[in-house]
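Overview (structure and organization)
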Amino acid sequence: MADYSKEFTCTPRNDCVACSEDERTLAYCAVNGYKQEVACEWNGGVPKEYQDAHRLPEYLVCDSLADMERRRFYHNMVIFVVVGLLGFALYGWRRKRLMAGQYRTM
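Residues numbered from 1 in each chain as written. Predicted model: local features only at pLDDT ≥ 70, side-chain atom pairs only at ≥ 80, totals over all residues. Heavy atoms only, no water.

**Focus on the overall build of the protein chain**
Operational definition: Only runs of H or I of at least four residues qualify as helices and only runs of E of at least two qualify as strands under DSSP, and these elements are numbered from the N terminus. Buried means the residue's accessible area, taken with a 1.4 Å probe over protein chains only, is under 20% of the maximum for its type, while exposed means over 50%, and partly exposed covers the values in between. Residue contacts follow a heavy-atom distance rule, with two residues in contact if any of their heavy atoms lie within 4.5 Å. Only the protein chains shown count as covering a residue, and every accessible area follows the Shrake-Rupley method with a 1.4 Å probe. Positive charge is attributed to Lys and Arg, negative charge to Asp and Glu, and no charge count is given to His or to the chain ends. Charged side chains are reduced to one point each, which is NZ for Lys, CZ for Arg, CG for Asp and CD for Glu.
Within the protein chain one finds three helices and four strands. When the backbone C-alpha atoms are referred to their principal axes, the protein chain occupies close to 95 × 30 × 20 Å. Going through the 106 residues of the protein chain one by one, you find that 16% of them count as buried. Of the contacts made within the protein chain by residues no fewer than 6 positions apart, 61% connect residues no fewer than 24 positions apart. A total accessible area of about 8700 Å² is found for the protein chain, and carbon and sulfur atoms account for 58% of it. Computed over 14 positive and 14 negative side-chain charges, the separation of the two mean positions in the protein chain equals 24 Å.

**Side note on the environment of Asn32**
Filter applied, for reference: Polar contacts here mean pairs of N or O atoms no more than 3.5 Å apart (in protein, one a potential hydrogen donor and the other a potential acceptor; neighbouring residues in sequence count only if both atoms are side-chain atoms).
Structurally, Asn32 can be placed in the loop between helix H1 (27–30) and strand E3 (34–42). Residue classification places Asn32 among the partly exposed residues on the basis of a relative accessible area of 29%. Spatially, the C-alpha atoms of Asn32 and Asn14 are 17 Å apart, while their sequence positions differ by 18 residues. For Asn32, the residues in contact, after removing those within four places along its chain, are Val61, Cys62 and Leu65. At a separation of 3.0 Å, a polar atom in the side chain of Asn32 contacts the main-chain amide nitrogen of Tyr34. Within the structure, the side chain of Asn32 is placed 3.0 Å from the backbone oxygen of Cys62, a separation counted as a polar contact.

**Things to note about a nonpolar patch on the surface**
Cut-off, in case you're wondering: Each patch is built from salt-bridge-free residues with over 30% relative accessible area, joining like charges within 9 Å and nonpolar side chains (Val, Leu, Ile, Met, Phe, Trp, Tyr) within 5 Å. The term salt bridge refers to a pairing of a side-chain nitrogen on Lys or Arg with a carboxyl oxygen on Asp or Glu at a separation within 4 Å.
Among the surface-exposed residues, Phe73, Tyr74, Met77, Ile79, Phe80 and Val83 lie close enough to one another that they form a single nonpolar patch of about 630 Å² accessible area. With respect to the helices, strands and loops of the structure, Ile79 is situated in helix H3 (residues 65–105). Residue classification places Ile79 among the partly exposed residues on the basis of a relative accessible area of 39%.

**Concerning the confidence of the model for the protein chain**
In plain terms, the rule: pLDDT measures the predictor's confidence residue by residue and takes values from 0 up to 100.
Confidence along the protein chain averages 88 in pLDDT terms, with 96% of residues attaining 70 or more. When mean pLDDT is compared element by element in the protein chain, H3 scores highest at 91, while helix H2 (residues 48–53) scores lowest at 85.

**Quick word on the packing of aromatic side chains**
Using the following cut-off: Centre distance within 6.5 Å is the pairing criterion for rings of Phe, Tyr and Trp, where only the six-membered ring of Trp is used; planes under 30 degrees apart are then read as stacked, over 60 as edge-to-face, and the remainder as tilted.
Taken as a whole and assessed by the stated rule, the structure comprises five aromatic pairs. When the ring of Phe8 is compared with that of Trp42, the centres are 6.1 Å apart and the planes differ by 90°; the resulting orientation is edge-to-face. On the criterion of sequence distance, the pair formed by Phe8 in strand E1 (residues 8–12) and Trp42 in strand E3 is long-range, its members being 34 residues apart. With a centroid separation of 5.4 Å and 65° between ring planes, the pair formed by Phe73 and Tyr74 is classed as edge-to-face. Look at Phe73 and you get partly exposed, because its relative accessible area is 48%.

**What about the pairing of E3?**
Stated formally: Paired strands, in this sense, are two strands between which DSSP finds at least two bridges.
Across five bridges, E1 lies against E3 in antiparallel orientation. Following the sheet pairing, Phe8 is matched in E3 by Trp42. Sheet topology note: the strand E2 (residues 17–18)/E3 ladder contains two bridges and is antiparallel. Paired with Ala18 across the two strands is Tyr34, which belongs to E3. With three bridges joining them, E3 and strand E4 (residues 59–61) adopt antiparallel strand pairing. Its bridge partner lying in E4, Glu37 is registered against Tyr59.

Quick look at the structure:
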């Protein structure tokens, strides 16, 4: 019987997630501690008997870990900038109000 173990195509379903302690020994978690849920389909040339005898993977190693970390970094930076701008705007508004109050008391 021929080896069709790589004769399938997978598409990601979700982003990468950290593996639980129980999953750390599994092949897809042992590499970097992250897994990605995938939907896999057999390619056209795989016999039905082979498909019936073997299961397609539900999870694969998370290859896009660097991309995920980069997205999280930029997401946090945008939040920090927005919070900083809001704080600065509040400071300016409050200062303007206090200055106007001081001017009226003169």
